[in-house]
Amino acid sequence: MPTVTIDGRTVDVPAGTNLIEAGLKVGVQIPHYCYHPRLSVVGQCRMCLVKVEGMPKLQAACATQVMKDGMVVSVDHPEVKALQEGVMEFLLINHPLDCPICDQAGECGLQDYSFKHGQSFSRFDYEDKRTYPEKERIPLGPTVLLNMNRCIQCSRCVRFTHEISKTSEISFFERGAHLEIGTFPGKPLDNELSTCVVDICPVGALTSTQFRFAERVWYLDKKPSLCTGCDVGCNITIEHRRGAIRRYKPRLNEAVNDFWMCDHGRTTFARYAAVPRLAAPRLLRGGELQGVTWKDALDAVVHKLKGRSEGAVAFLGSGFLTTEEGFLLAQLAAAVGSPHRAVSVDGGPARTIPNRQGGITGRDAAPNRRGVELAGMVPGEGGFDADALLLGDAASRCAVLFVADSDFGAAAHDPKVIARLRQARVLVVMGWADSPLAQAADIALPAATHAESEGCFVNVDGRLQRFERAFPAIGEARPGLEVLRDLLARFDPHWQGLGPEEIFARMAAALPALKGLAWRSLPAEGVKLATTGGSPP
Amino acid sequence: MAFEPVLTRNIGNPAVLTVDGYRKAGGYQGLAKALKMQPDEVVEEVKKSGLRGRGGAGFPCGLKWTFLPKGLDKPRYLVCNADESEPGTFKDRLLMERDPHQLIEGCAICCWAVGAHTCYIYIRGEYVEPAAILERAIRDAYESGVLGDSVLGSGFKLDIVVHRGAGAYICGEETGLLESLEGKRGQPRSKPPFPAVVGAFGCPTVINNVETLCNLPHIVERGADWFKSIGTDERNTGPKLYAVSGHVERPGTYELPIGIKFQELLDLCGGMYQGRQLKAFVPGGASAPMLAAKMRDVKLDFDTLAKSGSMLGSAAVIVMDETTCVVRAAARLAKFFAHESCGQCTPCREGTHWAELVLGRIERGEGRESDAELMLRMTKNMSGTTICALSDAAVGPARSVIVNFREDVDQHIRERRCPVPPRRFFGEGN
């Protein structure tokens with residue numbers, strides 16, 4: 001591999017690597033606006049110009065590839081510094097400098113580079129600024145607003161719609177200082193990935209209608225997590241303020257969602273606010289809902305499970321459970337000797353996220369059907385399946401029906417289905433949502449949302465990915481993993497007090513597909529499992 | 001001066017608009033000779049002649065052809081740049097209107113030399129009549145067996161297509177032209193790859209100016225040594241068309257050996273209009289820095305002008321007399337470049353606009369003390385920092401008015417007015 005020396009630091013890079021990427025390898029950040037690793041190189045912002053030995057003029061780092069040994073590049077050269085100051089000045093002369101009312105403030109490329117590479121003064125006169133009258137809040141489509149005055153014409157959004165979403169809605173219009181981006185009449189920016197243009201816009205020109213003015217970005221806490229919108233398993237960052245989720249942002253995982261995620265996924269946290277929250281354990285006694293302590297609630301569940309005289313005990317899981325929760329649920333079924341283990345997942349429209357392998361398509365409306373099934377939530381010999389419980393009369397033959405979680409799909413809100421499930425003599429429902437199903441339960445166990453939990457999902461490709469807890473659960477809600485563990489410990493004290501890591505270890509030991517995996521050493525991009533077929537515990 | 005016109009020898013003979021008439025005037029001899037030579041020999045001959053591109057950059061023509069990659073399984077194209085839109089330039093128009101077959105012959109020789117079977121002539125949209133004349137001449141050439149499946153019966157296949165532009169200056173930049181030719185927005189491409197490797201439709205492409213191509217029949221017919229005998233030195237050879245406009249008695253296109261002195265050219269044009277004094281001149285089209293009258297003895301060739309702080313460019317000589325406000329001229333040109341910037345590169349998009357504002361306010365008498373320095377600093381940031389040369393072109397007049405006519409600029413700022421009374425010319429007022 002050819003070597004390149006950047007600011008005195010030499011590194012081997014594959015031939016064809018551009019200087020921005022090569023710089024990152026040696027810890028030299030070359031400032032840039034128009035360059036994006038997944039978009040074609042256009043070299044038009046001119047912010048990344050660097051000094052290349054032997055070249056008379058400064059060269060665009062994004063468009064300069066390391067082809068043979070011995071290229072010597074200076075980024076800290078005075079000429080480069082002067083150029084960067086010049087470009088920053090050019091970019092700012094017509095910029096409205098409306099940071100106090102701009103949604104991008106705090107995560108803005110202009111702010112960052114002004115601070116790092118700019119000058120502290122302007123030689124431009126305020127009254128002469130070029131503006132785009134009437135173009136301060138143009139809806140490009142249902143999800144994106146354009147403020148043309150803030151645009152720096154980097155063309156990332158134009159290239160995104162041409163090259164990634166392949167929908168070509170955004171284009172350049174006019175030219176020179178009046179160059180602007182826009183959509184064609186009657187062809188709004190309306191594709192499944194449209195909000196990605198907001199992510200890649202380096203300035204506040206494109207803002208998300210969903211997030212706009214929801215929060216100042218510096219108040220946001222950010223935690224890596226996974227999207228629950230479908231079974232693609234997009235890597236995301238949950239951005240919240242004290243437990244109130246403000247937005248999901250895609251997080252790079254080349255094997256899954258690359259830099260992108262779909263608009264649907266970004267809206268999925270809304271359900272945590274749309275459905276009332278189940279905040280404390282609850283019993284239904286004599287037609288009345290009564291709050292109880294966790295101990296009483298769990299004891300009551302165990303009493304019902306152990307004390308039944310006749311009838312089945314069925315466990316209905318969901319695609320929203322973590323793989324660990326699915327595993328514990330299956331273990332609980334095993335502890336009471338029940339073959340009735342099922343998972344109910346709504347189908348959804350196919351959602352495709354492009355990546356460099358050609359893309360990945362999800363079809364479930366939940367993230368982890370495969371993981372929960374893999375963990376053992378499949379019917380055993382003669383066991384009820386989900387259809388038997390939801391559409392048939394299987395529930396009426398149940399002494400105890402344990403449903404996790406309370407918002408597993410549309411059926412959890414369907415009075416007819418609830419009436420059917422209610423035919424079980426005892427209905428136990430665990431979950432974060434105080435759904436109509438939870439309200440019909442004899443025993444309701446409040447669980448954490450996925451943002452309040454940690455665990456693993458297995459996506460449509462059979463890739464096991466771990467996510468972290470973004471913030472603690474509210475009220476008395478506890479992670480499903482702890483609830484199920486405590487129930488299980490009442491059958492087998494070996495489960496007493498185990499944490500996520502130990503439970504993962506037990507799961508990995510029990511499931512051939514997870515053989516050799518450890519909680520702490522799961523790679524960031526996840527692990528593609530050899531098999532995803534479920535098997536009874 | 002004993003100079004016999006070469007490129008313009010048929011001008012004034014309307015018969016050369018047809019293949020027959022052009023043949024009678026001695027045409028298509030060069031092509032016939034070239035077809036009997038090996039393509040490499042033609043390339044060698046052109047390299048030896050020292051012919052440099054007449055479009056503005058002055059890049060050695062033969063050398064450019066050798067950049068085409070060998071052994072690539074792709075067609076090669078010749079694109080003739082006839083998007084003559086540099087303000088002040090009207091030489092290619094003359095060649096296309098009055099002697100279209102000379103261009104067709106030049107294109108054919110070039111295609112034979114580089115192995116191209118398709119040639120696109122990208123002609124500026126406003127050239128309605130030249131385009132029609134070319135189309136007619138090409139049709140005639142097809143019917144006479146000059147073009148088509150067998151050029152002059154040699155078995156060499158060649159098609160020439162005229163493509164009309166839509167009126168953007170930037171489409172005269174070779175990669176902006178290619179984008180436009182491909183049906184896209186006319187925005188120059190980031191180089192490398194150069195058009196010789198990835199050009200029109202992703203294929204190796206040679207792009208030459210009309211005048212450059214028109215030289216080829218003569219070089220082939222009369223030899224490189226004859227060509228080299230014309231001109232200043234080894235690096236500046238051949239005949240050159242100078243398009244003279246402005247305050248001279250007889251403006252027009254003059255064919256002269258490259259490297260004639262400005263004063264000699266001025267004399268040939270009948271001197272200054274009504275005997276007025278020379279104030280300033282632009283030697284190479286709007287993008288060439290303006291020179292002051294004291295530079296009148298400069299030789300109008302590539303290297304001498306480059307050394308003098310300007311450039312030969314398209315050799316459009318714009319002459320301005322003492323009644324001209326050079327600041328207004330520069331401000332008007334700044335407006336042109338701001339209007340024509342494609343807008344993709346930051347320094348050009350923002351810089352041309354800023355320069356237009358600052359020069360405009362200086363000219364109106366609203367300039368500030370710091371404006372001259374501001375122009376110098378700003379234009380420095382615009383030079384050599386963009387994808388194409390439009391930004392540098394805009395810097396040419398804007399910077400030179402500060403450097404070469406500082407007193408005029410200072411007077412505007414000091415007296416808070418333009419010392420030259422406003423006049424209305426045709427087309428002014430915008």
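These figures come from a predicted structure and were not determined experimentally. (Residues numbered from 1 in each chain as written. Chains lettered and ligands numbered in written order. Predicted model: local features only at pLDDT ≥ 70, side-chain atom pairs only at ≥ 80, totals over all residues. Heavy atoms only, no water.)

Q: Describe the overall build of chain B, naming the residues involved and giving the relevant values.
A: The secondary structure content of chain B amounts to 17 helices and 11 strands. Taken against the 2.2 N^0.38 rule, which gives 22 Å for 430 residues, the C-alpha radius of gyration of chain B at 22 Å falls within 12% of a compact globule. By its C-alpha atoms, chain B is 70 × 45 × 35 Å across when sized along the principal axes. Taken across its 430 residues, chain B has 61% of its residues classed as buried. Intrachain contacts of chain B at a sequence separation of at least 6 include 69% that bridge at least 24 residues. Element-wise, carbon and sulfur atoms account for 52% of the exposed surface of chain B, whose accessible area totals about 16,500 Å². (Helix = DSSP H or I, 4+ residues; strand = E, 2+ residues; numbered from the N terminus. Rg over C-alpha atoms; globule rule 2.2 N^0.38 Å. Buried < 20%, exposed > 50% of the residue type's maximum accessible area, 1.4 Å probe, protein only. Contact = heavy atoms within 4.5 Å. Areas by Shrake-Rupley, 256 points an atom, 1.4 Å probe, with all protein chains shown as cover.)

Q: Describe the pairing of strand β22 (residues 398-404) of chain A, with residues and values.
A: In regular strands, side chains alternate between the two faces of the sheet. Residue and element names in this part refer to chain A. β22 sits mainly inside the fold: 7 of its 7 residues count as buried. One ladder, built from 5 bridges, connects β22 with strand β23 (residues 426-431); its direction is parallel. Bridge pairing links Ala404 to Met430 in β23. In this fold, the crossover linking β22 to β23 by way of helix α12 (residues 415-421) has right-handed handedness. (Pairing = 2+ DSSP bridges. Right-handed = clockwise from strand over helix to strand, strands pointing away.)

Q: Give me the lowdown on the packing of helix α5 (residues 91-98) of chain B against helix α9 (residues 210-222) of chain B, citing residues and values where you can.
A: Residues and elements named next belong to chain B. With their axes 9 Å apart at the nearest point, α5 and α9 run at an angle of 50° to one another. Put simply, α5 runs oblique to α9. Residues Lys91, Asp92, Leu95 and Met96 of α5 pack against Val210, Glu211 and Cys214 of α9. Grouping the constituent residues of the contact of α5 with α9 by class yields 4 nonpolar, no polar and 3 charged. (Axes fitted to C-alpha atoms, helices over the stretch in contact; angles between N-to-C directions. Parallel < 35°, antiparallel > 145°, perpendicular 65-115°, else oblique. Nonpolar A, V, L, I, M, F, W, Y, C, P; charged D, E, K, R; others polar.)

Q: Residues and numbers for the pattern of salt bridges, please.
A: Pairing is possible between side chains that carry opposite charge, provided their charged atoms lie close to one another. As enumerated under the stated definition, the model contains 55 salt bridges over all chains in all. A network of salt bridges, in which partner residues are shared, links Asp231(A), Asp364(A), Arg369(A), Arg370(A) and Glu373(A). (Salt bridge = Lys/Arg side-chain N within 4 Å of Asp/Glu carboxyl O.)

Q: Go over the environment of Gly462(A), please, and point to the residues and values.
A: By the secondary structure assignment, Gly462(A) is in the loop between β25 (455-458) and β26 (463-467). Sequence separation between Gly462(A) and Leu517(A) is 55 residues, and the spatial gap between their C-alpha atoms is 14 Å.

Q: Give a detailed account of the domain arrangement of chain A, specifying residues and quantitative values.
A: All names here are of chain A. In terms of domains, chain A is made up of domain 1 (3-76), domain 2 (98-104 + 124-273) and domain 3 (277-528). Put simply, the middle of domain 1 and the middle of domain 2, counted by C-alpha atoms, are 27 Å apart. Facing 11 residues of domain 1, the contacting portion of domain 2 comprises 16 residues. In terms of surface lost to domain 2, no three residues of domain 1 exceed Tyr33, Arg38 and Leu39, which account for 53% of the buried area on that side. (Domains from an automatic or database assignment. Buried area = accessible area lost by both parts, 1.4 Å probe.)

Q: An account of helix α7 (residues 128-143) of chain B is needed here, citing residue identities and associated values.
A: Every α-helical turn comprises 3.6 residues, leaving residues that sit three or four positions apart pointing alike. Residues and elements named next belong to chain B. Relative to the 22 Å expected for 16 residues at 1.5 Å per residue, α7 spans 23 Å between its end C-alpha atoms, a close match to the ideal helical length. Looking at the packing, one finds that the buried side of α7 touches α1 (19-24), α5, α6 (100-114), β2 (118-123) and β3 (159-164). A positive backbone phi angle near 75° is found at Gly145, which sits one or two residues after α7. (Expected span 1.5 Å × (residues − 1).)

Q: Account for the side chain of Thr8(B), with residues named and values stated.
A: Here Thr8(B) lies in the segment before α1. We classify Thr8(B) as buried; its relative accessible area is 15%.

Q: Describe a nonpolar patch on the surface, naming the residues involved and giving the relevant values.
A: Residue and element names in this part refer to chain B. Where nonpolar side chains cluster on the molecular surface, the patch consists of Phe59, Leu63 and Phe67 and spans about 260 Å² of accessible area. In this fold, Phe59 is placed in the loop between α3 (39-49) and α4 (61-65). A residue is classified by how much of its surface remains accessible, and Phe59, at 38% relative accessible area, is partly exposed. (Patch = residues over 30% accessible without salt bridge, like charges linked within 9 Å, V, L, I, M, F, W, Y side chains within 5 Å.)

Q: Can you explain the sheet that holds strand β13 (residues 221-226) of chain A? Please cite residues and give values.
A: Residue and element names in this part refer to chain A. Ordered in space as β13-β14-β15, the 3 strands form an open sheet in which the pairing is antiparallel. With partners counted over all chains shown, the strands left at the sheet margins are β13 and β15 (244-250), one partner each. Direction aside, the axes of adjacent strands within the sheet are offset by 30° on average. Sheet analysis places strand β14 (residues 235-241) next to β15, joined by 6 bridges and oriented antiparallel. Bridge assignment links Thr237 to a residue of β15, and that residue is Lys249.

Q: Which residues make up the domain arrangement of chain B, and what values go with them?
A: Residues and elements named next belong to chain B. Taken domain by domain, chain B comprises domain 1 (14-228), domain 2 (234-321) and domain 3 (326-415). Centre-to-centre, using C-alpha coordinates, domain 1 lies 35 Å away from domain 3. The partner domain 3 presents 9 residues to the 13 residues of domain 1 that form the contact. Carbon and sulfur atoms make up 68% of the area that domain 1 and domain 3 hide from each other, which totals about 870 Å². Of all residues in domain 1, the largest losses of buried area upon contact with domain 3 belong to Tyr169, Ile170 and Pro188, amounting jointly to 51% of the total for that side. The interface formed by domain 1 and domain 3 contains 3 residue pairs in polar contact (both at pLDDT 80 or more). Residue composition of the side of domain 1 that touches domain 3, by class: 5 nonpolar, 4 polar and 4 charged. (Polar contact = N/O pair within 3.5 Å; in protein donor to acceptor, adjacent residues only side chain to side chain.)

Q: Kindly report on the interface of chain A and chain B, identifying the contributing residues and their values.
A: Taken together, the contacts link 33 residues of chain A with 31 residues of chain B. Approximately 2,700 Å² of surface area, both sides summed, lies buried where chain A meets chain B, with 51% of it carried by carbon and sulfur atoms. Looking only at chain A, the three residues that lose the most surface to chain B are Phe90(A), Arg123(A) and Arg175(A), adding up to 29% of its buried area. One salt bridge in this structure joins Glu340(B) and Arg175(A), with 3.0 Å as the shortest N-O distance.

Q: I'd love a proper account of the sheet that holds strand β7 (residues 71-74) of chain A, names of residues and values included.
A: Residues and elements named next belong to chain A. One open sheet accounts for 5 strands, arranged β2-β1-β7-β4-β5; its pairing is mixed. The open sheet is flanked by β2 (9-12) and β5 (59-60), the only strands paired with a single partner. Of the pairings in the sheet, the one linking strand β4 (residues 49-52) to β5 comprises 2 bridges and is antiparallel in character. Counted as the bridge partner of Val50 is Gln59 from β5.

Q: Account for the confidence of the model for chain B, with residues named and values stated.
A: Segments scoring low in pLDDT should not have their predicted coordinates read at a detailed level. Overall, the predicted model of chain B reaches an average pLDDT of 94, with 98% of residues at or above 70. The ipTM assigned to the predicted complex is 0.91, against a pTM of 0.93. (pLDDT = per-residue confidence, 0-100.)

Q: Any chance you could break down the nonpolar core for me, citing the residues and the numbers?
A: Residues Val4(A), Leu19(A), Ile181(A) and Leu206(A) are the most contacted members of the largest nonpolar core, which totals 86 residues. The element best represented in this core is helix α2 (residues 78-93) of chain A, accounting for 5 residues. The residues touching Leu19(A), leaving out its near neighbours within four places in the chain, are Val4(A), Ile6(A), Ile30(A), Val50(A), Val52(A), Ala61(A), Thr64(A), Val66(A), Met71(A) and Val73(A). Judged by nonpolar contacts, the second largest core, of 62 residues, contains Leu68(B), Val210(B), Ile219(B) and Trp226(B). (Core = buried A, V, L, I, M, F, W, Y, C linked by side-chain atoms within 4.5 Å.)

Q: Which residues make up unusual backbone geometry, and what are the values?
A: Residues and elements named next belong to chain A. For the peptide bond that leads from Ala404 to Asp405, omega is 10°, which places it in the cis range. Mapping Asp405 onto the fold places it in the loop between β22 and α12. Unlike most non-glycine residues, Lys166 shows phi in positive territory, near 55°.

Q: Describe the pairing of strand β19 (residues 340-344) of chain A, naming the residues involved and giving the relevant values.
A: Residues and elements named next belong to chain A. Extensive coverage of β19 is indicated by the burial of 5 of its 5 residues. Across the two faces of β19 the burial is the same, with His340, Ala342 and Ser344 and Arg341 and Val343 all buried. Bridge count for strand β18 (residues 312-318) against β19 is 5 bridges, and the pairing is parallel. Considered in β19, the bridge of Ser318 is made with Ser344. Handedness of the β-α-β unit built from β18, helix α9 (residues 323-335) and β19 comes out right-handed.

Q: Could you give an account of the environment of Glu173(B), with specific residues and numbers?
A: Residues and elements named next belong to chain B. Looking at the element boundaries, Glu173 is found in the loop between β3 and α8 (174-181). Relative accessible area serves as the criterion here: at 17%, Glu173 is assigned to the buried category. Once residues lying within four places of it in the same chain are set aside, the contact partners of Glu173 are Pro188, Lys191 and Cys388. Polar contacts involving the side chain of Glu173 include one to the side chain of Thr175, which spans 2.7 Å.

Q: Outline the packing of aromatic side chains, supporting the account with residue identities and numerical values.
A: All names here are of chain B. Per the counting criterion, the structure on display carries 23 aromatic pairs over all chains. On the numbers, 5.9 Å between centres and 55° between planes, the contact of Phe59 with Phe67 is tilted. For Phe67, a relative accessible area of 43% puts it in the partly exposed group. Between the aromatic rings of Phe262 and Phe281, the centroid separation amounts to 3.8 Å while the plane-to-plane angle is 10°, which identifies the pairing as stacked. (Phe/Tyr/Trp six-rings, centres within 6.5 Å; stacked < 30°, edge-to-face > 60°.)

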